[in-house]
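# Commentary on secondary and tertiary structure
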Amino acid sequence: MIIVLLGPPGAGKGTQAKKIEGEFGLTHVATGDLLREAVRRETSLGKQAQDFMLRGRLVPDRIILDLIKNKIRGGASGFLLDGFPRNIIQAEELDELLEAENKKLDLVINLEVNHNEVIDRLNGRVICPECGKTYNVDHFVDEPLVCKDCGSRLSQRSDDNPDAIEERLKVYLRHTLPLIDYYKEKGILLSVSGERSPQEVFHRIVDLLQRVEDVH
Ligand SMILES: [Zn+2]
């Protein structure tokens, strides 16, 4: 099964991806992680990507697509894509890539969270620099801001400030939102409200995925 996870920044995509990965044995393919790994391992794609990153430029689609292709060819049976595609052009490129590999996208899960809720969440979001776990500052009333899993001091991501948040939401609305119609027309979109607890959202996703698996 190949699944794409969509949703605005702060919708909880990373949290849900980890849970889905464990429950359904899918390989979580997060483009940010793929890029970091390629740069760290100094692969040829990693070096090309780093050139763009060091100049403060966006990494071109063809590099990201090649990273995804390598991962998909790696042999695992199912994938969960998170962070890609971000626009219609990338969605079409992904379709072509999968077709060339004799695969197809089975499902797109769209986590829906309204604009104001997203802004509140991102403004209050703190992240563990060690293990990547995210929290909301509201959950630390009289406690020190440290990670409950590994004890590291939590901090805010540099792009979780109000101006950067507005900018990211603008980009999401302009480029990523049209993907919802794109996948709806293909008949593979499943929308899930992301405005509940992570556990409740996850149960809803499991429920939907099991129904899809039954049909297959
Ligand atoms: Zn941690």
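I will try to describe carefully the structure that is included in this document. Please read these numbers as outputs of a predicted model, since none were measured by experiment.

## Comments concerning the coordination of the zinc ion
Distances from the zinc ion to its protein donors, C128 (SG), C131 (SG), C147 (SG) and C150 (SG), fall at 2.3 Å. Classification of the site at the zinc ion as tetrahedral follows from its four donor atoms and the range of 96 to 126° in their angles at the metal. Considered as a linear motif, the donors of the zinc ion on their single chain read C-x2-C-x15-C-x2-C. Residue C128 is classed as buried on the basis of its relative accessible area, which comes to 2%.

## Regarding the nonpolar core
Core analysis: the largest hydrophobic core is formed by 33 residues, its most contacted members being L105, V108 and Y183. Only β1 (2-6), α2 (31-40), α3 (44-54), α4 (61-73), β3 (79-82), α5 (88-100) and α8 (178-185) provide two or more residues apiece to this core. A total of six residues in this core trace back to one element, the largest contributor, which is α4. With sequence-adjacent residues up to four places away left out, V108 is seen in contact with V4, L6, Y183, I188, L189 and L190. Core analysis: the next-biggest nonpolar cluster, separate from the first, contains 26 residues, V113, L190, F202 and I205 among them.

## Thoughts on helix α6 (residues 115-123)
Regarding α6, the residues found buried are V118, I119, R121 and L122. Down the axis, α6 shows its buried residues gathered within 165° of arc, on one side only. In α6, the exposed residues that point more than 90 degrees away from the buried face are N116 and D120. Packed against the buried residues of α6 are β5 (125-127), β6 (134-136) and α7 (162-176). Of the residues that open α6, the one with a side-chain oxygen 2.9 Å from the backbone nitrogen of N116 is N114.

## Observations regarding the sheet that holds β3
Strand order in the open sheet formed by five strands is β2-β3-β1-β4-β7, with parallel pairing between adjacent strands. The open sheet has two free edges, formed respectively by β2 (27-30) and β7 (189-193), since each of these has just one partner strand. Ignoring strand direction, the axes of neighbouring strands in this sheet form an average angle of 25°. When β2 meets β3, the two strands line up parallel, connected through four bridges.

## Notes on the environment of M1
Mapped onto the secondary structure, M1 falls in the segment before β1. When neighbours within four sequence positions are excluded, M1 is seen to be in contact with L26, S77, G78, F79, D106, L209 and E213.

Reading the values: rules and limits
Residues numbered from 1 in each chain as written. Predicted model: local features only at pLDDT ≥ 70, side-chain atom pairs only at ≥ 80, totals over all residues. Heavy atoms only, no water. Donors = N, O, S within 2.8 Å, 3.2 Å for Na, K, Ca; no water. Tetrahedral: all angles 85-135°; square planar, octahedral: opposite > 155°, others 65-115°. Buried < 20%, exposed > 50% of the residue type's maximum accessible area, 1.4 Å probe, protein only. Core = buried A, V, L, I, M, F, W, Y, C linked by side-chain atoms within 4.5 Å. Helix = DSSP H or I, 4+ residues; strand = E, 2+ residues; numbered from the N terminus. Contact = heavy atoms within 4.5 Å. Arc of directions from axis to C-beta. Polar contact = N/O pair within 3.5 Å; in protein donor to acceptor, adjacent residues only side chain to side chain. Pairing = 2+ DSSP bridges. Axes fitted to C-alpha atoms, helices over the stretch in contact; angles between N-to-C directions.

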